[in-house]
Structures are given as structure tokens and as C-alpha cells.
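Survey of secondary and tertiary structure
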Amino acid sequence: MALIIKNNKISDNIFLMTISGCKQYGKPGQFFMLRPIKGNISDPILARPISIFDVDKEKGNVTFLYQVVGKGTEILSSLKVDDEISVIGPLGNGFEIEDNDITLIGGGIGIAPLFYLAKEHRKMFPNRHRTIHLGFRDKAILEDEYKSICDNLVLNIGGYVTDDVDFDTNNTIYVCGPTPMMKAASTHAKKVNKDIYVSLENKMACGVGACLVCSCKTSDGTKKRVCKDGPVFHASEVFYE
Amino acid sequence: MSNINHLETDLMGIMLKNPVIAASGTFGFGSDYANIIDVSRLGGISGKGLTLNGSKGNDGQRVYETPSGILNSIGLENPGVRHFVEHEYEVMRRTGAAVIANLGGHIENDYLEGAKLLNKVDLDILELNISCPNVKNGGMSFGMIPETAAEITRKVKEVSRHKLLVKLSPNAYDIVSVAKACEDAGADGISLVNTFLGMAIDIDKKKAVFNNVYAGLSGPAIMPIALRMVHQVSKAVSIPVVGLGGISNYRDAIAFIMAGATAVQVGTMTFAVPETMINIIDGLEKYCIDNGLENISQIRGII
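Residues numbered from 1 in each chain as written. Chains lettered and ligands numbered in written order. Predicted model: local features only at pLDDT ≥ 70, side-chain atom pairs only at ≥ 80, totals over all residues. Heavy atoms only, no water.

1. Looking at the overall build of chain B
What counts is decided by this rule: Runs of E in the DSSP output that reach at least two residues are strands. Runs of H or I that reach at least four are helices, and both are numbered from the N terminus. Radius of gyration here is computed from C-alpha atoms only, and the compact-globule reference equals 2.2 Å multiplied by the residue count raised to the power 0.38. Residue burial is assigned from relative accessible area. The probe radius is 1.4 Å, only protein chains are included, and a residue is buried under 20% of its type maximum, exposed over 50%, and partly exposed in between. All accessible-area figures derive from a Shrake-Rupley calculation using a 1.4 Å probe, and residue coverage is judged against the displayed protein chains alone. Counted as positive: Lys and Arg. Counted as negative: Asp and Glu, with His and the chain ends omitted from the count. Every charge is mapped to an atom, namely NZ of Lys, CZ of Arg, CG of Asp or CD of Glu.
Looking only at helices and strands, one finds eight helices and 16 strands in chain B. Taken over the C-alpha trace, chain B has a radius of gyration of 18 Å; the compact-globule value for 303 residues is 19 Å, and the two agree within 12%. The dimensions of chain B, computed from C-alpha atoms along their principal axes, are 55 × 45 × 40 Å. In chain B, buried positions account for 62% of the 303 residues. Counting only carbon and sulfur atoms, one obtains 50% of the accessible surface of chain B, whose full area is about 11500 Å². In chain B, the 26 positive side-chain charges and the 31 negative ones have mean positions that sit 3 Å from each other.

2. Notes on the state of the cysteines
All names here are of chain A. Worth spelling out the cut-off: Any cysteine sulfur atom paired with another within 2.5 Å is treated as part of a disulfide.
Applying the stated criterion across every chain, the model contains zero disulfides over all chains. A disulfide-free cysteine, Cys214 has its sulfur positioned 3.8 Å from the sulfur of Cys227, the nearest such atom. Overall, Cys214 belongs to the buried group, its relative accessible area being 3%. Free of any disulfide, Cys216 has its nearest neighbouring cysteine sulfur in Cys214, separated by 7.6 Å.

3. Examining the packing of helix H2 (residues 108-118) of chain B against helix H3 (residues 146-159) of chain B
All names here are of chain B. Applied cut-off: Comment: axis = line fitted to C-alpha atoms, over the contacting stretch for helices; angle = value between 0 and 180 degrees taken between N-to-C directions. Angles below 35 degrees are treated as roughly parallel, those above 145 as roughly antiparallel, those between 65 and 115 as roughly perpendicular, and all remaining angles as oblique. Should the near helix be turned anticlockwise from the far one by less than a right angle, the crossing is termed left-handed; should it be turned clockwise, right-handed. The contact criterion used is simple: two residues touch if any of their non-hydrogen atoms lie within 4.5 Å. Each residue gets one label: Ala, Val, Leu, Ile, Met, Phe, Trp, Tyr, Cys and Pro are nonpolar, Asp, Glu, Lys and Arg are charged, and the others, such as Gly, are polar.
Here H2 crosses H3 at 25°, and the two axes come no closer than 9 Å. As summarised for this structure, H2 and H3 are arranged roughly parallel, according to the angle between their axes. Classified by chirality, the crossing of H3 by H2 is right-handed. Of H3, the residues touching H2 (which contributes Glu108, Tyr111, Leu112, Ala115 and Lys116) are Glu151, Ile152, Lys155, Val156 and Val159. A breakdown of the residues in the contact of H2 with H3 according to their chemical character gives six nonpolar, no polar and four charged.

4. Some remarks on the nonpolar core
Using the following cut-off: The criterion is simple. A nonpolar core is a set of buried Ala, Val, Leu, Ile, Met, Phe, Trp, Tyr and Cys residues joined through side-chain atoms within 4.5 Å.
Grouped together as the largest cluster of nonpolar side chains are 120 residues, with contacts concentrated most on Val198 of chain A together with Leu42, Phe84, Leu118, Ile130, Leu168 and Leu192 of chain B. Tallying contributions element by element places helix H8 (residues 276-290) of chain B first for this core, with six residues. Beyond its immediate stretch of four places on either side in the chain, Val198 of chain A contacts Val175, Met182, Ser186, Pro231, Val232, Phe233, His234, Ala235, Val238 and Phe239 of chain A. Among the nonpolar cores identified, the runner-up in size contains 28 residues, and Ala118, Ile149, Cys150 and Cys176 of chain A belong to it.

5. Regarding the confidence of the model for chain B
Heads up, the condition is: Within a predicted model, pLDDT stands for the predictor's per-residue confidence, ranging from 0 to 100.
Summing up the model confidence of chain B, the mean pLDDT is 95 and the portion of residues at 70 or higher is 98%. Model confidence for the complex is summarised by a pTM of 0.94, with the ipTM given as 0.92.

6. So, the sheet that holds strand E5 (residues 63-66) of chain B
Residue and element names in this part refer to chain B. Defined as follows: Paired strands, in this sense, are two strands between which DSSP finds at least two bridges.
Here four strands make up an open sheet; going across it, the order is E5-E6-E14-E11 and the pairing antiparallel. Taken across any chain shown, the strands that pair with only one partner, and hence form the sheet edges, are E5 and strand E11 (196-199). Taken over all neighbouring pairs, the strand axes of this sheet differ in orientation by 40° on average, direction set aside. Bridge analysis of E11 against strand E14 (residues 214-218) gives four bridges, and the strand direction is antiparallel. Residue Met199 lies in a different strand from E14, and its bridge partner there is Tyr214.

7. Brief notes about the side chain of Ser234 of chain B
Residues and elements named next belong to chain B. The residue Ser234 is located in helix H5 (residues 223-236) in this model. Under the relative-accessibility criterion, Ser234 is labelled buried at 16%. Setting aside chain neighbours within four positions, we find Ser234 in contact with Val241, Ala259, Gly260 and Ala261.

8. What about the packing of aromatic side chains?
All names here are of chain A. The line we're drawing: Put simply, two rings from Phe, Tyr or Trp (the six-membered ring, in Trp's case) pair if the centres are within 6.5 Å, and we call them stacked under 30 degrees between planes, edge-to-face over 60, tilted for the rest.
Across all of its chains, the model carries eleven aromatic pairs over all chains by this definition. Ring centres of Phe53 and Phe115 lie 4.5 Å apart, and the angle between their planes is 15°; on these two criteria the pair is classed as stacked. You can see Phe53 sitting in strand E4 (residues 48-56) and its partner Phe115 sitting in helix H2 (residues 112-124), a full 62 residues away along the chain. For the pair Phe53 and Phe115, one class covers both residues: buried. Look at Phe115 and Tyr146: their rings are 5.3 Å apart centre to centre, the planes differ by 75°, and that puts the pair in the edge-to-face class. Here Tyr146 lies in helix H3 (residues 143-149) and Phe115 lies in helix H2, a separation of 31 residues in the sequence. For Phe115, a relative accessible area of 7% translates into the label buried. With a relative accessible area of 0%, Tyr146 lands in the buried category.

9. Thoughts on the pattern of salt bridges
The test is simple: Any Lys or Arg side-chain nitrogen located within 4 Å of an Asp or Glu carboxyl oxygen qualifies as a salt bridge.
For the structure on display, the rule yields 22 salt bridges over all chains. In this structure, Asp59 of chain B and Lys217 of chain A form a salt bridge, with 3.7 Å as the shortest nitrogen-oxygen distance. Of this pair, Asp59 of chain B sits in the loop between strand E4 (44-46) and E5 while Lys217 of chain A sits in strand E12 (residues 215-217), which puts the two residues in different chains. Relative accessible area serves as the criterion here: at 38%, Asp59 of chain B is assigned to the partly exposed category. Its salt-bridge partner being Lys228 of chain A, residue Asp32 of chain B comes within 2.7 Å of it at the nearest N-O pair. Residue Asp32 of chain B is located in the loop between strand E3 (20-22) and E4, and its partner Lys228 of chain A is located in the loop between strand E13 (223-225) and strand E14 (232-234); the two belong to separate chains. Of the residues examined, Asp32 of chain B reaches a relative accessible area of 9% and is grouped as buried.

Rendered as C-alpha cells:
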């Protein structure tokens, strides 16, 4: 159980929600299953998997950046300050934070987990370089916030964000966004024999690895659970044929 | 709150510490929820449905939410019976809950070879799944009519050394006849219901949501129908009945017990609220105390 501290619309259908009272905060790339407690909570029944945008350990707060895409997120967006919310998590494997220069590529709401990743990377390896590419269909969000924690920010509105990226680099590359974008990034990277990290999204029911709703195909023909084996995978694991 | 005798339940000669069991397909093999709830408190765990050689399950979307329910089309993704015997059984056993293996199949031989392999481990119960609606061949087709349900029950019973709980499909033409046929064929108990066949259509894409078109409906939406079927079957057979279908709190569980169930299984609501089964166990305990019951079985089948 957690309490809502803030739940503000920051752009069309995009909200920032801060909650307090999580027992654990989680690491970059992990997510929580969020579910309102009051009101009609059996339609929809399931909790919503939302990745961690930021953590404030001093205040004990976790912040989520999320997009309203259906009934469940619509209800989340209607929650008010001091409303209680059910939280399960942190869940999933999260990003490996490497002692290396990094390139982050985010598309749309997929930029969400990259903020905390860049912040933690800066804290752990302050002398390393961070480049971030943010792609949006119509307009940018949170540009200043991302600029403040990265050394270099490249914005792409309406085009293909992956076209701006130099994949032939020694940097560690992390990608989160729509599946076609992540596949495009994987294809670019594979051409230069580079493996990259991708953070997948899928519909989930349990979020903890029990129900197999979110299974994804892997390159060796087996299946993995996005919620528990992921959501972060090497592109070579899930996108290479 | 922990006087265990209130809830201790004899299910087909197997003693459960309480009558609350995690439903197959909703709880993995017991370890996935171990960091979230106290799994050792559960009466039993029915593991993910197994097939002889394992399966990658269905492609495409696997879940779709409906008012008070979900449609699923997992398609029995599972690591196979051998993997279960070698790796998952011990994990399940360590949970402290009764161990129930759920066995499905596409053809008769899958069931028989699977059941033989499962003789290698000390299961508490073998749950025979003749009711999965999400695989193209087999599964539910065995459970649709009494004759095929009885035949597979009889043959599995012959080769298995375990107590046999046969899980029925609510999609059968006459579930009471199927239940009676399974009893006559040697089933030690009956569990019902598996999911109801349903469908969803994406009207914007102008196509079915699921690759298989049809999928299985579970959750509170189905509870009144499941309760009615459990009531009917309980009246018709003399072997124990395990009731499931949309149970979300202790009051639902008590309704199933009053309708004749010896134990209950909980599935979909665990996804929404992982503590659901723990809350039900606590609620049943309190109900017994408040109503002066020595054991929950005193209200079994009173309706």
C-alpha cells in the first residue's frame, strides 16, 4: 500500500505520479504493478505495470511517468493526492549499469525508465559521458529534466530517432520505446556487430512470472517472461533471428 | 487466529492445513509469489498445467480484460513433465503447501506417459486437466462428453499411483454427466470449473483479439455460474469436489463450501491482489470462530 503524493498531467495523456510508502524503491529498469484501491476496481481487474521514472530515497518517494492508453491507466490518472494505491514491486531485472560511456535511446513514453538510469549512472560513474536521444511523434516532454542529467541530448520530433544514433561506438547502448523502434535499433546495431540493451513492454497479468501472459519469443526459439526474465534483454536475445 | 483445526481439511484422504489452493496456471510452480506472500500458509498449490513434452504456448496476445474478468489464451506454455519432475517438484515441495501437479495433453498417450513420469515424485494430488480451452487438439475435447472423460480418467487412474482430481470444463454439454462418468471411472475427486470459452474482437483492427479466436474467461464475472455448477455436481457425486471460478474473498469461498465444495481454488484474483488467498484463509478462520464452528467442513453442502 502506498500513498499518492502527486499525480499531474504534464502533456496530452502523459502523467507524472509520485507515491510514498514503498518498502523498496527498486533500480533503473524495474517496474511496479499499480492498482487503485477505491472505486470500481473490478473493471479492469488487473494491476498496471509501470516502470520507475525516478526515486527519491531521502523522501522515500517513487515517481512514475505514464501514458493513458486505456481504462486502467485512465483510472490511475484520476487518482488524487492522498489516495491510497496498491503497489507490487519492484519487479523485473532492471538495467545493468556499466562503467562505460553510455548512449540512451528513448521513444515516446519509452523514455520513462531512462531518466532514473541516467541519474544512477551519473551517480556511480560521474566521469563517464551520457548521450541521450529522445524521439517523439509531435512534441517533446521533460526535455530540461533529461538535459540536466545527461551530457548531450539529441531530440527528434516526428522522425526516426534511431537514424540520429551512431551505433558504431564503444558506448553501452540502452533502448526503450515502441517495438518497431527497438527492432530498428537492434538491426542498426547488429550491422556493426554491437549488442544493445532493450527494455520490452507487453501486456501482463501477474507481473511476477507466474501466469505466462507476457512471454516473448527469444532468438533460440525458447520463451522468456518479460516481467521476470526481463523487461531488460540483450537485443541479441529477443530480436535477432 | 492460528488454531489450525478450524480449517484442516481432508481432501480425498490428503490432509490440507486449510481448504485454499492456488489454481493451476495462476501461480507458476509456487516460487514466483514467494517474495510477495507467505506461500507456506496455503493449503495447496496446483502447478502450471504440464504436457508431456512441454509447449511454447500460443502466439499473439494472451490476455484481454473484460468487466470483472479476464480472457486468457496462454495455450499451456510449460516446460514439460520431465522438467517438472527434475526441477520444479522439489521447489513446490519446499513451499510447505500440498503439491498438486496439473497434467494436460493433446492425445491419450500424452496423458498416460505424463502420468507415469509423475509417479517418480511424491505428489499429494494429480489434477487431470481435461478442460483447457486454449489448445487446438486435446485438452478440453476430452472433457466435453462423459464417454471420453471417463475413458481418459480410467486409463490415467490405472497407471498413476496418485490421488486423481479430474478438472472439468464448464463448456461441457452436461457437466453433471461428465462428473458422474469420471466418478464411475475411478476419479478420487472433481475440480470445477476451468474457464468459460469466450472471445473478444478488436473492432478497429477488424479482427479477433486472440490468434486462436476463442479464449478462456475467468474472474468474478463467472462466479455465479461456477457456483451453480459446483452445487449441481456436488449433489450428483459422492467424491469430494473442489470449487473454483472467480473467488475473490472469504465470503465467496464460504459460498462454494456451502454449495458442497470440500476445498476451493483461487486464480485470477491473485493477479490483482496477491494476498487474496491469505485474506481468505484468515477470513475463514474468523468465520469459524464467529459462528462457533469446530471445523469449516460443518457448513459443507448445507445448501
